[in-house]
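So you can see what is in the structure, the chains are spelled out below.
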Amino acid sequence: MSSLKRKSHKEDHVFSKRRQRILDLHPEQKIGEMEKHSVDAKFEVHPRRKYDTSPATLRRPMFIGDFSLDGKRQFFHDKRNLHFISLDWHTSKKVEYDLNMALDKMTRKDFEETSTEKLDRLLEWILQNTYKFHTKDSAEKPLHCLSTDFVCFRGLLTELLCTPYENREGWIVCATKFCSTIYLCAYDTPEKQSRRENETDLQRKMSAWGYKFEHYMTDGSNTEEGVNENEEYCCVVRSRLESHSLVYGAEVDGADPSKYKTPHSDLKAFVELKTSKELITDNDYRSLYRFKLKKWWSQSYLVGIPRVVCGFRDAEGIVHTLNTYEVEDMPFISKDYWKPAVMLNFLNKFLDFVKIHVQVDDPEAVYKFERQPNGGDILCTYLGHDPKWAFLPKWYCEKVFHS
Ligand code: A3P
Ligand code: MG
C-alpha cells in the first residue's frame with residue numbers, strides 16, 4: 001500500500017494547525033524541521049512542574065469485552081481464567097502463606113517469548129468483536145474504522161503515566177496508524193533485555209512469589225499445585241483522556257464474587273493483587289509510598305479497579321499480613337511523592353505529540369518513540385517500512401474491515 005500519497009490542501013491545513021498547537025503547548029520543542037513523512041522530533045519530559053495543573057480527565061473506563069490465554073498462551077474468547085477472590089475481611093488480615101509452596105512445579109512465563117506476541121492477542125479479540133466498534137452512523141454499513149484514536153495494552157499506558165517520575169529507566173513505544181487509529185506497542189529497551197537475560201535466582205524467585213500469592217488468593221485453588229504463569233484473563237476497556245479516545249487490553253487478577261455480576265459495564269468488582277516486602281523501616285514505608293503505590297495507582301486507575309490487596313511478605317517469602325488499599329486513597333497516602341495531575345497531564349500531552357507526528361496511515365509504517373534513560377527526553381523517529389519494528393500483522397489488517 002502506498003502511504004505517501006499527496007495530501008489535500010485541507011489536510012495540509014489541519015496538519016499545520018496541529019503543528020501550531022504542539023508548538024503552543026511546548027514552545028521549547030525543536031520541531032521546526034518536522035517533515036510529514038520523516039519526523040525527527042523531541043518531547044521534553046522535564047521540568048515536571050509544567051504538568052502540575054488541573055488534571056486531564058480520564059473518562060470512566062467501560063468494559064467492552066474479555067478473553068483468556070491458556071497455559072500455552074492460546075487465545076480463548078471466554079472467561080476460563082477469570083479468578084474469584086473473596087475479600088472476607090475489612091482492611092487487614094493476618095495470614096500465613098508460604099509463597100515457596102510448589103515452586104518446583106511452576107511453569108514460568110517466558111518474557112522473551114511473550115514479547116513476540118506484541119498486540120496479537122488484543123487484535124485477535126478485536127477481529128472477533130468488530131460489531132462492537134460500529135457507531136450509530138455505521139450500524140448498517142460495513143465497518144471502515146474502529147472509531148478510536150488509540151489501541152494498546154494497559155501496561156504501556158501505566159509506563160507512560162509514570163514517566164514524569166521515572167529518572168532511570170527508558171522505554172520504547174512504536175506506533176502505526178491504520179485506518180485512522182494509532183496502534184501503540186511497547187518494546188524492551190536494550191537495558192531491560194539485558195536485565196532479563198541476567199536475572200538472578202533471587203529475582204526469579206521473587207517474581208514467582210508474586211504469581212504464587214495470586215494462587216493463594218484465588219478461591220478454590222489448591223496451593224500444592226504449581227502455577228502456570230502463562231495463564232491470563234484480560235479485559236478490554238474503552239476510555240477517553242481529554243480528546244483522546246482509547247481502547248486497551250488489561251490483564252486483571254480477579255473479581256470479588258460478592259460484587260461481580262454479568263453483564264457489567266465497569267471493573268468495580270475487580271481486584272488487583274500485589275506483594276511487597278514487610279514494612280519495618282522508614283525506608284520500607286517511603287519506598288512503598290513513593291514507588292509502589294504510584295505504579296499500583298496507575299495500573300488500577302486506568303481500568304477503574306477500585307482496590308488493591310497487598311500481601312506483605314518476609315525475606316523468606318512468607319506472607320503474614322494482607323492489606324487492602326483503596327485506589328482513590330493512594331494519591332493522598334503518597335501525596336509527598338507523586339501527583340495524578342502530573343501523570344495524567346503528561347500522558348495527555350504525550351498523546352497529543354504522538355497524534356501530531358504519526359501522520360502516515362499505513363499498516364507497515366512505524367514511528368518509534370524512545371524515552372532516553374536517566375531522565376532524558378522522548379525522541380520520535382519515522383522508520384517507514386521497517387520489518388524489525390513493524391507489529392501490525394497481515395492477518396489482522398486484511399480481515400478487520402472485511403468480515
Ligand atoms: P508482584 O506485583 O506482587 O511482584 P501483576 O501484579 O502485574 O498482576 O503481576 C503479577 C506478578 O507477576 C508480579 O507480582 C510479579 O511477581 C510478576 N511479574 C509481573 N510482571 C513482571 C515482569 N515484567 N518481570 C518479572 N515478573 C513480573
Ligand atoms: Mg497483580
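The coordinates are above.
Residues numbered from 1 in each chain as written. Chains lettered and ligands numbered in written order. Predicted model: local features only at pLDDT ≥ 70, side-chain atom pairs only at ≥ 80, totals over all residues. Heavy atoms only, no water.

## Structural notes on the coordination of the magnesium ion (ligand 2)
Listed as protein donors to the magnesium ion (ligand 2) are D253 (OD), E272 (OE) and L273 (O); their distances from the metal cover 2.1 to 2.2 Å. On the primary sequence, the residues serving as donors to the magnesium ion (ligand 2) are separated as D-x18-E-L. On the basis of relative accessible area, L273 is assigned to the buried category, the value being 5%. (Donors = N, O, S within 2.8 Å, 3.2 Å for Na, K, Ca; no water. Buried < 20%, exposed > 50% of the residue type's maximum accessible area, 1.4 Å probe, protein only.)

## Let's talk about the packing of helix α7 (residues 282-301) against helix α9 (residues 340-357)
Direction vectors running N to C along α7 and α9 enclose 55°, while the axes themselves pass 12 Å from each other. Here α7 is positioned oblique relative to α9, judged by the angle of their axes. In the crossing of α7 with α9, the sense of the turn from one axis to the other is right-handed. Listed contacts from α9 to K294, W297, S298 and Y301 of α7 are P340, M343 and L344. Here the residues of the contact of α7 with α9 sort into five nonpolar, one polar and one charged. (Axes fitted to C-alpha atoms, helices over the stretch in contact; angles between N-to-C directions. Helix = DSSP H or I, 4+ residues; strand = E, 2+ residues; numbered from the N terminus. Parallel < 35°, antiparallel > 145°, perpendicular 65-115°, else oblique. Left-handed = near helix turned anticlockwise from the far one by under 90°. Contact = heavy atoms within 4.5 Å. Nonpolar A, V, L, I, M, F, W, Y, C, P; charged D, E, K, R; others polar.)

## Quick notes on a negative patch on the surface
On the surface, D110, E112, E113 and E197 cluster together into a patch of negative charge. Along the chain, E112 turns up in helix α2 (residues 111-114). Take E112: its relative accessible area is 55%, and that puts it in the exposed class. (Patch = residues over 30% accessible without salt bridge, like charges linked within 9 Å, V, L, I, M, F, W, Y side chains within 5 Å. Areas by Shrake-Rupley, 256 points an atom, 1.4 Å probe, with all protein chains shown as cover. Salt bridge = Lys/Arg side-chain N within 4 Å of Asp/Glu carboxyl O. Lys, Arg positive; Asp, Glu negative; His and termini not counted. Charge placed at Lys NZ, Arg CZ, Asp CG, Glu CD.)

## Describing the state of the cysteines
On inspection of all chains with the given rule, the structure shows zero disulfides. Cysteine C162 is unpaired, with the sulfur of C152 as its nearest cysteine sulfur at 14 Å. On the basis of relative accessible area, C162 is assigned to the buried category, the value being 7%. Unpaired in terms of disulfides, C234 finds its nearest cysteine sulfur in C235, a separation of 7.6 Å. (Disulfide = S-S within 2.5 Å.)

## A few points about empty space enclosed by the protein
In this structure the tally under the stated criterion is one cavity of 30 Å³ or more. In this structure, the largest cavity occupies an estimated 40 Å³ of space. Contributing to the lining of the largest cavity are A102, L103, M106, A208, Y211, K212 and V227. Grouping the amino acids of the lining of the largest cavity by side-chain chemistry returns six nonpolar, no polar and one charged. (1 Å grid on protein atoms, 1.4 Å probe; cavity = no way out; pocket = protein on both sides within 12 Å on 5 of 7 lines; lining within 4 Å. Points joined across faces, edges and corners; volume = space filled by probe spheres on them.)

## Examining the packing of aromatic side chains
How two aromatic rings sit relative to each other is given by the distance of their centres and the angle of their planes. All told, the structure shown has 25 aromatic pairs when counted by the stated rule. Taking the centre distance of 5.7 Å and the plane angle of 40° together, the rings of W297 and W338 count as tilted. Pair noted here: W297 is in helix α7 and W338 is in the loop between α8 (330-333) and α9, with a separation of 41 residues, a long-range link. The buried category is assigned to W297, whose relative accessible area is 2%. With a centroid separation of 5.7 Å and an interplanar angle of 85°, the aromatic rings of F350 and F369 are classed as edge-to-face. (Phe/Tyr/Trp six-rings, centres within 6.5 Å; stacked < 30°, edge-to-face > 60°.)

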